[in-house]
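This is what each chain is made of:
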There are 2 protein chains.
Amino acid sequence: MTPFDRLMHYQRQTEALGQVAGRLGWDQETVMPRGAAEQRGEETAAMESVLHARRSDPRIGEWLEAIDPAGLSEVGRAQIRLIRRSYERAVKVPADLAAEIARVTSLAQGIWAEARAAEDVAGFLPTLGRVVDLRRQEAAALAGSEGDLYDALLDDYEPGATGAALDQMFGELRPRLVALREAIMGAGHQPAALNHEFPEEGQLRLSRDLARSFGYDFNFGRIDKAVHPFSSGSGRDVRITTRTNPRDPFNCFYSTIHEVGHACYEQNIDPDYGLTPLGRGVSMGVHESQSRIYENQLGRSEAFCGFLYRRMAEEFGDFGVSDARAFYGAVNRVHAGYIRTEADEVHYNLHVLLRFDLEREMIAGRLAVGDLEEAWNSRFAADFGVAVDRPSNGCLQDVHWSVGLFGYFPTYTLGNVYAGCLYQALRAAVPDLDAGLGRGETGAATAWLAENLQRHGGLCEPRETIRRATGMEPGVEPLLAYLEAKFSALYGI
Amino acid sequence: MTPFDRLMHYQRQTEALGQVAGRLGWDQETVMPRGAAEQRGEETAAMESVLHARRSDPRIGEWLEAIDPAGLSEVGRAQIRLIRRSYERAVKVPADLAAEIARVTSLAQGIWAEARAAEDVAGFLPTLGRVVDLRRQEAAALAGSEGDLYDALLDDYEPGATGAALDQMFGELRPRLVALREAIMGAGHQPAALNHEFPEEGQLRLSRDLARSFGYDFNFGRIDKAVHPFSSGSGRDVRITTRTNPRDPFNCFYSTIHEVGHACYEQNIDPDYGLTPLGRGVSMGVHESQSRIYENQLGRSEAFCGFLYRRMAEEFGDFGVSDARAFYGAVNRVHAGYIRTEADEVHYNLHVLLRFDLEREMIAGRLAVGDLEEAWNSRFAADFGVAVDRPSNGCLQDVHWSVGLFGYFPTYTLGNVYAGCLYQALRAAVPDLDAGLGRGETGAATAWLAENLQRHGGLCEPRETIRRATGMEPGVEPLLAYLEAKFSALYGI
């Protein structure tokens, strides 16, 4: 065997073990008996320890040393690039620090949940301070003496992205989103929300139909209920979860479509890349572009809403919405709200931009955790026009920081930006898109995405992945144009 | 840290990983998407490879060398004894051979399933021959130049047992079981079987109630449907499966109670032993003693059948059985049959004894696989009084040999023998056992088993575990006395 073959053989086992660890997480959120949590913590830690040891195994360095990239195909070079990045990151972080981060963030999640329930920011701050401190240490180990701390963390979720570039991109988004929001809120006209009870059984049945409509392959996946919707796994076993609320079936339907977007990306990657670094979505941002374009540009389009209106009438009878136009308004209702995960398309990115700016300041050491709440509340008032009423509606609402996910938030908006670019290219490539969507057929759109983006997995860097799929340099204009056109029409502004 | 602490810390991670691997098996049999099988094979192999490397890690040998057992408690010495056995077995088997066995038996299972479906013994023989050959090589590596091949394999399932000792024990069982069987078959009187449809929903609801009645703790477990009933996991996450057949609810109820016996053993082990070698059932034979005493001596007793008769009437209405006595007869109906897993208490051990003798001959090299079918059929005719009609009812019925489980079968009957001893001691300790069972209350019995056997986990060797619980030297007489008394009364012989 050549060094390349040895490395790939070794890596294949690591990828398989990574899938096992991921499925352990799925199990925990869906089927694990309640009393098993403590034992599960040790099981998860043991898997992480095995994976960290494998990812930093010195043999990887030796094999990489012995491989001549010039002798490899494009695919082979891409594999080497991803393995090298993973290896270099793994060896830079001392094992003790990695273990300490795992230990502290595991405890921090429980402390955060308690603090949120008790509206107790002060009770959470010491823990948050410790998490920020540990992640800054990790960032310093990764960045070396020259690099930027935030960029070092960001790179784990969005290779190649930098805080400065995102800052510029988001700086173009923010004023126009604020202006759009204000125009909508001042329009005087508000579509009616749903006001009806929708039985769980019907919601779950319809959400499974929607998953199928969007191309989710149940032969390689399954849908279960969980507290939070998520997608889990790669290759031939990609599972999603959903949830139901009797008063709000859109929560179930659109979170299902969102997770189907993530899952289809994984399911549609070239099977030849299975259990290799190329066999996973290339970044969180590109992943989010798929979930968002499925959910919003396709699923919340007027054409698809027409289809969904008819399907819901079949499933639930008269549910008090007079026609397809009113239904489209209800689906896309813009409403002021404190909670990111419940936000509409207009507000959503404003939530993310707020978190991006604050977490970047915290990691840079320019914002002390003790000043976080005030910073959050004043920024929220500026961008959303309302005052935060309590911490669970403010800086305690998201789990991310408690588990140390600094650098993760901006990938949500980056995903929306990418989805805007992809949607523009998709409309050009599939001119009669709406006709299919009106019949509930997404095949033309999802086939285009599968062919031009999803199947390539990790072959190219994230921005290059979008560039190749769309033929354009990724930027904010398509997303803004889409949002402004859609919501101007809806609100008559 | 002392060498003992280091060893236990290392072992704890290995145990946690073993639990993860076990849960992967549970997932595969219950919730895995169909198309995931191939990828799952690689995931399972990767976990096995990690576990094998850990179990044979040279550091274990060094730590063991450095530990002075005299300085340890009884528990500490027992941990060391179990770790040493696992380590010595792991290092004796070459990694290549272990990998080849894993590879071949994984494929063999599919070949066996096809051969069984096609009634094609000849199509399975080359594979079986290869599996026998590989396991003989493994046995030779384990046994060294002096030891017995079959004993070396048996030791993995039932430490301390030998083929010769089992042969003597089974030699005492067989003639009296054959005589009992013949007397029953000649009795002229046969209890009626059920003849009714029992909806799945009611079966599953009642089987959950039965699980609770027998002390299964759903806080640390769950019940799902699967093709084959099994129990999986140790400590705080012990799951079982069941299945339903609309014409035969006893299949669901008694396989549930059987698996609950296995699961309660694991759930009731001293929590201080969690994620250590002591924190698992001590052997397959002792495990089976728990499942069998729950299922048979308790669950199929006249007293408990009286309770179950009333519960089934509540759940299913009139199902065509006139009274509790007739119901007791239906539950314990002795019927000639080809299939081990469907056998009654009288026939069951005759099935096992047949397999024990044949597999011992194969491993010894005295029975060629080409002669297996004839040997099976002639033995079956002698012990069961009927001729095997087709291979799926004969030597192709069980999966065990295809996956290399030589030495596993005898632990089923050893478990029955142990259950006989435990039941005799239990009756002496709990004189009013039947009164509770008649009300569906098994607490007195299961508390006695938990206190005297289950909580100790792997503290003592298997026979010593039974000896301590019962105060007697384990032997066949209690089982035979129980069976002869029960079935003589039922059949008026």
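Here the structure is a predicted model, which is why all the values come from computation and not from measurement. (Residues numbered from 1 in each chain as written. Chains lettered and ligands numbered in written order. Predicted model: local features only at pLDDT ≥ 70, side-chain atom pairs only at ≥ 80, totals over all residues.)

**What about the overall build of chain A?**
Where we set the bar: Helix and strand assignments follow DSSP, with helices taken as H or I runs no shorter than four residues and strands as E runs no shorter than two, numbered in order from the N terminus. Note that the radius of gyration is over C-alpha atoms, with the globule rule given as 2.2 Å times the number of residues to the power 0.38. We call two residues in contact whenever the C-beta atoms placed from their backbones are within 7 Å.
Looking only at helices and strands, one finds 20 helices and three strands in chain A. For 493 residues, the compact-globule estimate of 2.2 N^0.38 gives 23 Å, and the C-alpha radius of gyration of chain A, at 23 Å, lies within 12% of that figure. For chain A, the C-alpha atoms occupy an extent of roughly 65 × 50 × 50 Å along the three principal directions. Look at the contacts in chain A between residues 6 or more apart in sequence, and 74% of them connect residues 24 or more apart.

**Observations regarding the sheet that holds strand E1 (residues 223–225) of chain A**
Residue and element names in this part refer to chain A. Definition in use: For two strands to be treated as a pair, DSSP must find at least two bridges joining them. Interaxial angle, 0 to 180 degrees, is taken between N-to-C directions of lines fitted to C-alpha atoms, where a helix line uses only the stretch in contact.
Strand order in this open sheet of three strands is E1-E3-E2, and the pairing throughout is mixed. The sheet is open, and its two edges are formed by E1 and strand E2 (231–232), each paired on a single side. As paired elements, E1 and strand E3 (residues 239–242) share three bridges and run parallel to each other. Looking at E3, one finds that Ile223 is bridged to Ile240. Its contacts with the sheet put helix H10 (residues 249–268) on E2 and E3, and the angle it makes with E3 is roughly 165 degrees.

**Considerations on the confidence of the model for chain A**
Low-pLDDT portions of the prediction should not be read for the details of their coordinates. Definition in use: Along the chain, pLDDT gives the predictor's confidence residue by residue, from 0 to 100.
Confidence in the prediction of chain A, expressed as mean pLDDT, is 96, and 100% of residues score 70 or more. Reported confidences for the modelled complex are a pTM of 0.95 and an ipTM of 0.95.

**Remarks on the relation of the copies chain A and chain B**
Quick reminder of the rule: Least squares is the method used to superpose the copies, on C-alpha atoms of residues holding a pLDDT of at least 70 in both.
Laying chain A over chain B is done by rotating through 180 degrees and shifting 0.0 Å along the axis; what remains is an RMSD of 0.0 Å. The two molecules are tied by a two-fold rotation axis, judged by turn and shift. A share of 100% of the interface residues of chain A reappears at the interface of chain B, consistent with the copies meeting face to face through the same patch.

**Here we look at the packing of helix H3 (residues 58–66) of chain A against helix H4 (residues 74–92) of chain A**
Packed helix pairs are specified by the crossing angle of their axes together with the interaxial distance, meaning the distance between the axes. Residues and elements named next belong to chain A. For clarity, the threshold we go by: Handedness of a crossing follows from how the near helix is turned relative to the far one, being left-handed for an anticlockwise turn of less than a right angle and right-handed for a clockwise one. In this classification, the charged set is Asp, Glu, Lys and Arg, the nonpolar set is Ala, Val, Leu, Ile, Met, Phe, Trp, Tyr, Cys and Pro, and all remaining amino acids, among them Gly, are polar.
Where H3 contacts H4, the two axes come as close as 11 Å, and the packing angle between them is 140 degrees. Handedness of the crossing formed by H3 with H4: left-handed. Between H3 and H4, the contacting residues are Ile60, Gly61 and Leu64 on the first element and Ile80, Ile83, Arg84 and Tyr87 on the second. Taken together, the residues of the contact of H3 with H4 break down into five nonpolar, one polar and one charged.

**Remarks on the sheet that holds strand E1 (residues 223–225) of chain B**
All names here are of chain B. In spatial order, the strands read E1-E3-E2; together these three strands make up an open sheet with mixed pairing. The sheet is open, and its two borders are formed by E1 and strand E2 (231–232), each paired with just one other strand. In this structure, E2 lies alongside strand E3 (residues 239–242), joined through two bridges in antiparallel fashion. Across the sheet, Ser231 pairs through a bridge with Ile240, a residue of E3. Against the sheet, helix H10 (residues 249–268) contacts E2 and E3, and its axis sits at roughly 165 degrees relative to E3.

**Quick word on the nonpolar core**
The following threshold applies: Buried Ala, Val, Leu, Ile, Met, Phe, Trp, Tyr and Cys residues form a nonpolar core when they are connected through C-beta atoms within 7 Å. Here a residue counts as buried when 20 or more other C-beta atoms fall within 10 Å of its C-beta, as exposed when 12 or fewer do, and as partly exposed in between; the C-beta atoms come from the backbone. Domain delimitation in this document rests on an assignment produced automatically or drawn from a domain database.
Counting 104 residues, the largest nonpolar core has A:Phe214, A:Val260, A:Ile363, A:Tyr418 and A:Leu422 as the members making the most contacts within it. Looking at this core, you find at least three residues from each of domain 1 (3–156) and domain 2 (157–493) of chain A. Those residues in contact with A:Ile363 that sit more than four places away from it in its chain are A:Val132, A:Arg135, A:Arg136, A:Ala139, A:Leu149, A:Tyr150, A:Leu153 and A:Phe406. Formed by 103 residues, the second largest nonpolar core is a distinct cluster that contains B:Leu154, B:Tyr216, B:Ile240 and B:Leu298.

**Quick word on helix H6 (residues 121–143) of chain A**
All names here are of chain A. Definition in use: Here the expected span of a helix is defined as 1.5 Å times the quantity of residues minus one.
The terminal C-alpha atoms of H6 lie 31 Å apart, and with 23 residues this matches the ideal 33 Å at 1.5 Å per residue to within 8%. For H6, the secondary structure elements touched by its buried residues are helix H5 (95–117), helix H7 (149–157), helix H14 (345–364) and helix H15 (372–384). Backbone geometry just downstream of H6 places Gly144 in the positive-phi region, at approximately 70 degrees.

**A word on the interface of chain A and chain B**
Residue-level contacts link 32 residues of chain A with 32 residues of chain B. For the side of chain A that touches chain B, the secondary-structure elements that each account for two or more residues are helix H1 (3–30) and helix H2 (37–55) of chain A. For the side of chain A that touches chain B, the class distribution of residues is 14 nonpolar, nine polar and nine charged.

**Some thoughts on H7(A)**
Residue and element names in this part refer to chain A. Taken across its nine residues, H7 has eight buried, putting it largely inside the fold. All of the buried residues along H7 are Leu149, Tyr150, Asp151, Ala152, Leu153, Leu154, Asp155 and Tyr157. Each element contacted by the buried residues of H7 is listed here: H6, helix H8 (163–185), helix H11 (284–298), H14 and helix H16 (410–429).

**Thoughts on the pairing of E3(A)**
Alternating positions in E3(A) separate into two faces, A:Arg239 and A:Thr241 on one and A:Ile240 and A:Thr242 on the other, with burial throughout. Following E2(A), the chain reverses through six residues before pairing antiparallel with E3(A); A:Gly233 in that reversal takes a positive phi of roughly 100 degrees.

**Some points on unusual backbone geometry**
In this model, A:Leu275 sits at a positive phi of 55 degrees, which is unusual for a non-glycine residue. With 23 C-beta atoms counted inside 10 Å, the residue A:Leu275 sits in the buried group. Of note in this structure, B:Glu119 is not a glycine but carries a positive phi near 55 degrees. Position of B:Glu119 relative to the elements: it lies in the loop between helix H5 (95–118) and helix H6 (121–143).

**Remarks on the domain arrangement of chain A**
All names here are of chain A. Per the domain assignment, the segments making up chain A are domain 1 (3–156) and domain 2 (157–493). Computed over C-alpha atoms only, the centres of domain 1 and domain 2 are separated by 26 Å. Facing 44 residues of domain 1, the contacting portion of domain 2 comprises 39 residues. Secondary structure elements with two or more residues in the side of domain 1 that touches domain 2: H1, H4, H5, H6 and H7.

**Points about the environment of B:Arg12**
Residue and element names in this part refer to chain B. Counting through the fold element by element, Arg12 comes out in helix H1 (residues 3–30). Between the C-alpha atoms of Arg12 and Pro277, which are 265 residues apart in sequence, the distance is 8.5 Å. The contact partners of Arg12, leaving out residues within four places of it in the chain, are Leu275 and Thr276.

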